[in-house]
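So you can see what is in the structure, the chains are spelled out below.
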Amino acid sequence: MCAALACVLWVLLWAAAWLVALAFTGVEPLFATRHAAFYLFWFAALTITFVNAAFRDGRETRSFPDWMAQSLSLAWLAMPALALLGDWGLGQRVPQHGWTEDRLWGAVVGLLVTLYAFGYAASVLMRRRGWMAPDLPLTSSWP
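Residues numbered from 1 in each chain as written. Predicted model: local features only at pLDDT ≥ 70, side-chain atom pairs only at ≥ 80, totals over all residues. Heavy atoms only, no water.

Caption draft 1: Representation of helix α5 (residues 79-97) within the structure. Under the 1.5 Å per step criterion, the end-to-end length of α5 is 27 Å for 19 residues, consistent within 8% with the ideal 27 Å. If you check which residues of α5 are buried, you get M79, P80, L82, A83, L85, G86, G89, L90, R93 and V94. Just past α5, the residue G98 takes up positive phi, approximately 85°. (Helix = DSSP H or I, 4+ residues; strand = E, 2+ residues; numbered from the N terminus. Expected span 1.5 Å × (residues − 1). Buried < 20%, exposed > 50% of the residue type's maximum accessible area, 1.4 Å probe, protein only.)

Caption draft 2: Looking closely at the layout of surface pockets. Estimates place the volume of the largest pocket at around 530 Å³. Breaking the lining of the largest pocket down by element, the ones donating at least two residues are α3 (36-55), α5 and α6 (101-125). Per-element accounting of the lining of the largest pocket gives the leading share, six residues, to α3. (1 Å grid on protein atoms, 1.4 Å probe; cavity = no way out; pocket = protein on both sides within 12 Å on 5 of 7 lines; lining within 4 Å. Points joined across faces, edges and corners; volume = space filled by probe spheres on them.)

Caption draft 3: Structural detail: the packing of aromatic side chains. Tallied over the full model, the rule gives four aromatic pairs. Where F38 meets Y39, the ring centres are 5.8 Å apart and the plane angle is 65°; that geometry is what we call edge-to-face. Overall, the relative accessible area of 49% leaves F38 in the partly exposed class. On the numbers, 6.5 Å between centres and 70° between planes, the contact of F38 with W42 is edge-to-face. Residue F38 and its partner W42 are located together in helix α3, separated by four residues, close to a single helical turn. Aromatic rings pair up to connect F38, Y39 and W42 into one cluster. (Phe/Tyr/Trp six-rings, centres within 6.5 Å; stacked < 30°, edge-to-face > 60°.)

This is the structure in structure tokens:
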């Protein structure tokens, strides 16, 4: 579990650094790929899935150092920005090309990812009972 969380931590820290870099480059290069929402939603969905796999049902005690838990918690704060960026990218494509079946499913995935991202970010800010204790309602409902 510790190795899996180390990978998730690295990915989330990379996402936070990417968001900082995005402030200097702007969103145009990202949206020029024409698949920005797809990439961002998949990134968020995989990250949520990996953390849920590491957390499981919440009964086990934490088996990794405090610095890793703190870093992971802080890195989760980047997820709402990534989700909203994906929503924005999808929102730009719909007026340009209309609703398709793929865009409709993308909107459903975007809504779910955004809700989870904000839920995890809120749980980081409201943490009182230990690592991921407030996240149990979120982790038990992820498919």
